[in-house]
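# What the coordinates show
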Amino acid sequence: AIVRGMLEHSRDSVGEKRPTDLNALAGEYLKLALHGARAKHPASGCAVETAFDPTLPKVPAEPVELGRVLLNLLGNAFD
């Protein structure tokens, strides 16, 4: 609920593209989605293994918008 509230609050702001570390962004939102999945389904025993590309350059993106997309995708995948 806290994460959803924060995301709803950030929707009102106009996003601005800036150099974004996609590995860090994906990792951050993966942790949020995993925490939500474990809270929803504590007996699932879900484990996640990542293999991010360390050579991936920063890309121009709107981190809040992209994070919202990642959180929705990951949340759906966990469900």
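Look up: the structure comes first, before these words.
Residues numbered from 1 in each chain as written. Predicted model: local features only at pLDDT ≥ 70, side-chain atom pairs only at ≥ 80, totals over all residues. Heavy atoms only, no water.

### Points about the overall build of the protein
Within the protein, the regular secondary structure consists of three helices and two strands. When the helices and strands of the protein are placed in sequence order, the string is α-β-α-β-α. A buried classification covers 20% of the 79 residues belonging to the protein. Partitioning the contacts of the protein with sequence separation of at least 6, the portion at a separation of at least 24 is 91%. Put simply, the protein shows about 6000 Å² of open surface, and 59% of that area lies on carbon and sulfur atoms. (Helix = DSSP H or I, 4+ residues; strand = E, 2+ residues; numbered from the N terminus. Buried < 20%, exposed > 50% of the residue type's maximum accessible area, 1.4 Å probe, protein only. Contact = heavy atoms within 4.5 Å. Areas by Shrake-Rupley, 256 points an atom, 1.4 Å probe, with all protein chains shown as cover.)

### A short note on the packing of helix H2 (residues 22–40) against helix H3 (residues 63–78)
Angle between the axes and distance between the axes: these two values describe a pair of packed helices. In the contact formed by H2 and H3, the axes pass within 9 Å of each other and the chain directions differ by 40°. As summarised for this structure, H2 and H3 are arranged oblique, according to the angle between their axes. Judged by the twist between their axes, the crossing of H2 over H3 is right-handed. Here Leu22, Leu25, Ala26, Tyr29, Leu30, Leu32, Ala33, Leu34 and Ala37 of H2 come into contact with H3, specifically with Pro63, Leu66, Gly67, Arg68, Leu70, Leu71, Leu74, Gly75 and Phe78. (Axes fitted to C-alpha atoms, helices over the stretch in contact; angles between N-to-C directions. Parallel < 35°, antiparallel > 145°, perpendicular 65-115°, else oblique. Left-handed = near helix turned anticlockwise from the far one by under 90°.)

### Here we look at H3
Spanning 16 residues, H3 covers 22 Å between terminal C-alpha atoms, matching the ideal 22 Å at 1.5 Å per step. By the burial criterion, the buried members of H3 are Pro63, Gly67, Arg68 and Leu71. End-on, the buried residues of H3 take up no more than an arc of 135°, which puts them together on one face. Across from the buried face of H3, at angles greater than 90 degrees, the exposed residues are Leu73, Asn76 and Ala77. (Expected span 1.5 Å × (residues − 1). Arc of directions from axis to C-beta.)

### A short note on the side chain of Asn23
As for its placement among the helices and strands, Asn23 is situated in helix H2. At a separation of 2.6 Å, a polar atom in the side chain of Asn23 contacts the main-chain carbonyl oxygen of Asp53. (Polar contact = N/O pair within 3.5 Å; in protein donor to acceptor, adjacent residues only side chain to side chain.)

### So, the environment of Leu71
Tracing the backbone shows Leu71 in helix H3. Taking relative accessible area as the criterion, Leu71 reaches 16% and is therefore assigned buried. C-alpha of Leu71 to C-alpha of Leu30: the two residues are 41 residues apart in sequence and 7.1 Å apart in space.

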